[in-house]
Amino acid sequence: MKDSSRITKKIDRDSVYYVLYWSEMKKADKYEIITSVPAVAGIYELYYMDDRKKLNLFYVAKCWYGGLRHHIRMDTDAETEQDEKRKKIVDEHDCYYRYAVHQSLKDMEDILYFFARTYFPASNKVSSSGRYTNIFVKEISPNKIITV
């Protein structure tokens, strides 16, 4: 099956409208990640499954250098994860990921800014590219969870 994860963009004056076509949600397995995730720039999300079998978002990031394959692989392995909070989550739970391929760093900054304001409003750590007054993001997901 061809990977159709990508991000599209439409500009209307000072507003931008992004559409994220996420990859399928997959259970993190370092060998599967190495063979199936592309080594290109993009945005990815990490989830963990709690005791009630619910997926919980715990990390959203962009990657430029190293690519999606490298970052998802490193961030879903307790042996290589550097952040102590995420390391604990990865060590204690099954983790899942999804991604969208994109080659524009400034576009990814805008999308992460939108996500930070939407999902983590108390966080001030992410800034937009500054190109647009209004940023809108629509997410399209295949709604499948793939386990290996």
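Everything discussed here concerns the structure shown above.
Below you will find a few notes about this structure. (Residues numbered from 1 in each chain as written. Predicted model: local features only at pLDDT ≥ 70, side-chain atom pairs only at ≥ 80, totals over all residues. Heavy atoms only, no water.)

### Describing the packing of aromatic side chains
The relation between two aromatic rings is expressed through the spacing of the ring centres and the mutual angle of the planes. What the rule picks out here adds up to 7 aromatic pairs. Both rings, one in tyrosine 17 and one in phenylalanine 136, keep their centres 4.9 Å apart while their planes meet at 10°; by these two values the pair is stacked. Taken together, the residues span a long stretch of sequence, with tyrosine 17 in strand β2 (residues 15–21) and phenylalanine 136 in strand β7 (residues 134–140) at a distance of 119 residues. Centre to centre, the rings of phenylalanine 115 and tyrosine 119 are 5.4 Å apart; their planes meet at 35°, and the pair counts as tilted. (Phe/Tyr/Trp six-rings, centres within 6.5 Å; stacked < 30°, edge-to-face > 60°. Helix = DSSP H or I, 4+ residues; strand = E, 2+ residues; numbered from the N terminus.)

### Remarks on the environment of tyrosine 97
Along the chain, tyrosine 97 falls in strand β6 (residues 95–101). Sequence separation between tyrosine 97 and proline 38 is 59 residues, and the spatial gap between their C-alpha atoms is 13 Å. When residues no more than four places from it in sequence are discounted, the contact partners of tyrosine 97 are Glu24, Met25, Lys26, Lys27, Ala28, Glu32, Ile33, Ser36, Val37, Glu45, Leu46 and Ile72. Only 2.7 Å separates the side chain of tyrosine 97 from the side chain of glutamate 32, close enough to count as a polar contact. (Contact = heavy atoms within 4.5 Å. Polar contact = N/O pair within 3.5 Å; in protein donor to acceptor, adjacent residues only side chain to side chain.)

### Overview of helix α4 (residues 105–119)
For α4, with 15 residues, the first-to-last C-alpha span of 21 Å sits near the 21 Å given by 1.5 Å per residue. What α4 keeps buried is the set Asp107, Met108, Asp110, Ile111, Leu112, Phe115 and Ala116. Residues of α4 that are buried sit in contact with β1 (6–12), β2, β4 (42–49), β5 (55–63) and β7. (Expected span 1.5 Å × (residues − 1). Buried < 20%, exposed > 50% of the residue type's maximum accessible area, 1.4 Å probe, protein only.)

### Comments concerning the sheet that holds β2
Reading across from one edge, β1-β2-β7 is the order of the 3 strands in this open sheet, with mixed pairing throughout. Each edge of the open sheet carries a strand with a single partner, namely β1 and β7. Averaged over all adjacent pairs, the angle separating strand axes in this sheet is 15°, with direction ignored. Contacts from α4 reach β1, β2 and β7 within the one sheet, and its direction differs from that of β7 by about 85°. (Pairing = 2+ DSSP bridges. Axes fitted to C-alpha atoms, helices over the stretch in contact; angles between N-to-C directions.)

Purely geometric stuff here, so don't read any function into it on its own.
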